[in-house]
Amino acid sequence: MKQDSDLRNNLKSIRTRLGMSQQDLANIASVTRQTISGVESGQYAPSVAITLRLAKALGCQVEDLFWLERDLPEIEAVLAKPVPCGQPLRVSLARVGGQWIAYPLIGQDAFRQDMIPADGEAVAGVPARYLKGKDKSRIGTDKVQVRLLDDNLDTLHNTIVIAGCAPVISLWARATERWHPQLRVQFNFANSMAALDSLCRGEAHIAGMHLYDPETGEYNTPFVRDVLAGREAVLITLGVWEEGLLVKSGNPRGIRTVTDLVAGATIVNREIGSGSRLLLEQTLQEQQIPFHAIQGFDHIVKNHQDVAQAVGLGVADAGISTASIATAFGLGFIPLHQSRYDLVIFKEYLEEAPVQQLLSTLGHRMVHSQFEILGGYDISKIGEVVATV
């Protein structure tokens, strides 16, 4: 029987993964090698009996071997960031605030350590909201049609998106997914202000931040009030972490305070909007040290790990990060400040079952043990609502 043009199969990939030749599979399934070849090449649509024998021979379900291309749905989604025009685009998906959001898997956003699997494929122009009247020849739309790569819509509906910069968020996410296997937690890296902006644009359920306001003596809340423009949200504490200067093991330059940085030491800095940069600027201002007096002040890296790598490789003598990062990279640490890391959540999201399940795990021992063994965190108030705005 000639292959249905919409019928797809991954017979070859499963067979080769099991170390079987076409003849091996043909012998077990009681068919000819030509049948196996024809199915794999898409030239032959097997009968129900042959399909069942192939699935049994490979130890899998029929649905694992065959599917209809037209059965995979397409959904309309809003792009979370601008992308190149007209190119096929791998995206991950989540439903936030009643609409689908597509997160382009491009460049560093395509990786954590391993490459992130895609939920679907889209072709998009540049989202119009990012252009602000510039380069009008490339104006596209915020929305794209996403062709799903599988039909597991339940997973997409149960995806929670957290924007933030704390590496422990990924530990919390993985522990939560073990406790609630139906949940998927997507961690999008963003500095504190970028995470808050992502929440306000409807691209995340939760924003993580650690910003200190010296005028009020408050953490995070003044910044949230300024940005949310009247929308109601709660702030829930994830923990208090130690922030300070990372230096090489043994501290060969003898750095003790930020004033020691003036004497020829080189630093790496974080981007505007990050809590680490804000801490550095506030500390320098307290010591009446001009920013330009610090060599490397304009050398920007994008996350805590990059700061540690720059110091560890000798690219810089110091950089602002946390005690837990120093421990993970085997670096010295000079404490400067304790910062409270809060999770910002719109009140309407608190009613959603996936969000409730995620937050409930903040009280689980499985989560606490991950934070405790990492070090550098005080989690005595983890899960407490510290403010409403």
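Everything below is about the structure printed above this text.
Fair warning: this is a prediction, and the values are worked out from it, not measured in the lab.

Draft legend 1. Structural context of the overall build of the protein. Secondary structure summary: the protein contains 14 helices and 19 strands in total. Considering only C-alpha atoms, the protein reaches an extent of 80 × 50 × 50 Å along its principal axes. Counting every position in the protein, which comprises 389 residues, the buried fraction comes to 49%. The long-range fraction of contacts in the protein, counting pairs at least 24 apart against all pairs at least 6 apart in sequence, stands at 73%. Both charge centroids of the protein, one from 36 positive and one from 43 negative side chains, sit 6 Å from each other.

Draft legend 2. Quick peek at the nonpolar core. With 54 residues, the main nonpolar core has Trp172, Leu238, Tyr341, Val344, Leu362 and Phe371 as its most contacted residues. In this structure, phenylalanine 371 is in contact with Val168, Trp172, Leu238, Tyr377, Ile379 and Ile382, ignoring residues within four places of it in sequence. Leu7, Ala29, Ile36 and Phe66 belong to the second largest nonpolar core, which has 19 residues in total.

Draft legend 3. Molecular detail of helix α10 (residues 275-286). Its 12 residues give α10 an end-to-end C-alpha distance of 16 Å, which sits within 8% of 16 Å, the value for a rise of 1.5 Å per residue. Burial within α10 is extensive, with 9 of its 12 residues counted as buried. Every buried residue of α10 is accounted for by Gly275, Ser276, Arg277, Leu279, Leu280, Glu281, Gln282, Thr283 and Leu284.

Draft legend 4. The environment of leucine 54, seen in detail. With respect to the secondary-structure elements, leucine 54 resides in helix α4 (residues 48-58). Distance from leucine 54 to phenylalanine 297, taken between C-alpha atoms, is 63 Å for residues 243 residues apart in sequence. Excluding residues within four positions of it along the chain, leucine 54 makes contact with Leu11, Leu25, Ala29, Ile36, Leu65 and Phe66.

Draft legend 5. Spotlight on the environment of alanine 207. Structurally, alanine 207 is set in strand β10 (residues 206-209). A relative accessible area of 0% places alanine 207 in the buried class. Sequence-wise, alanine 207 and alanine 195 are 12 residues apart; in three dimensions their C-alpha atoms are separated by 5.1 Å. If sequence neighbours within four positions are ignored, alanine 207 has contacts with Ala163, Ala195, Leu196, Leu199, Asp342, Leu343 and Val344.

Draft legend 6. Geometry of helix α8 (residues 192-200). Residues of α8 that are buried include every one of Ser192, Ala195, Leu196, Ser198 and Leu199, and no others. Each buried residue of α8 lies within a common arc of 155° when the element is viewed along its axis, so the set occupies one face. Those residues of α8 that are buried lie in contact with β8 (159-164), β10, α9 (221-228), α10 and β17 (332-346). You can read the cap of α8 off the contacts: a side-chain oxygen lies 3.2 Å from the backbone nitrogen of methionine 193, and it is on asparagine 191. Glycine 202 sits one or two positions beyond α8 and adopts a positive phi of about 80°.

Draft legend 7. Local environment of the pairing of strand β4 (residues 87-96). Pairing geometry for β4 and strand β5 (residues 99-104), over 6 bridges, is antiparallel. Considered in β5, the bridge of valine 91 is made with proline 104.

Draft legend 8. Highlighting the state of the cysteines. Scanning all chains against the criterion turns up 0 disulfides. Residue cysteine 200 stays outside any disulfide, its sulfur separated by 17 Å from that of cysteine 165, the closest cysteine.

Draft legend 9. Broad picture of the side chain of threonine 361. Within the secondary structure layout, threonine 361 lies in the loop between α13 (353-360) and α14 (365-374). Residue threonine 361 is classed as buried on the basis of its relative accessible area, which comes to 1%. Here tryptophan 172 takes part through its side chain, which lies 3.0 Å from a polar atom of the side chain of threonine 361. Dropping the residues within four chain positions of it, threonine 361 is found in contact with Trp172, Thr176, His180 and Val367.

Draft legend 10. Representation of the pattern of salt bridges in the model. This model, assessed by the stated rule, comprises 12 salt bridges. With a shortest N-O distance of 3.1 Å, arginine 270 and glutamate 271 are connected by a salt bridge. Take glutamate 271: its relative accessible area is 12%, and that puts it in the buried class. Where arginine 340 meets aspartate 342, a salt bridge forms, and the shortest distance between an N and an O atom there is 2.8 Å. Note on arginine 340: relative accessible area 18%, which makes it buried. Since its relative accessible area comes to 0%, aspartate 342 is described here as buried.

Parameters at a glance
- Residues numbered from 1 in each chain as written.
- Predicted model: local features only at pLDDT ≥ 70, side-chain atom pairs only at ≥ 80, totals over all residues.
- Heavy atoms only, no water.
- Helix = DSSP H or I, 4+ residues; strand = E, 2+ residues; numbered from the N terminus.
- Buried < 20%, exposed > 50% of the residue type's maximum accessible area, 1.4 Å probe, protein only.
- Contact = heavy atoms within 4.5 Å.
- Lys, Arg positive; Asp, Glu negative; His and termini not counted.
- Charge placed at Lys NZ, Arg CZ, Asp CG, Glu CD.
- Core = buried A, V, L, I, M, F, W, Y, C linked by side-chain atoms within 4.5 Å.
- Expected span 1.5 Å × (residues − 1).
- Arc of directions from axis to C-beta.
- Polar contact = N/O pair within 3.5 Å; in protein donor to acceptor, adjacent residues only side chain to side chain.
- Pairing = 2+ DSSP bridges.
- Disulfide = S-S within 2.5 Å.
- Salt bridge = Lys/Arg side-chain N within 4 Å of Asp/Glu carboxyl O.

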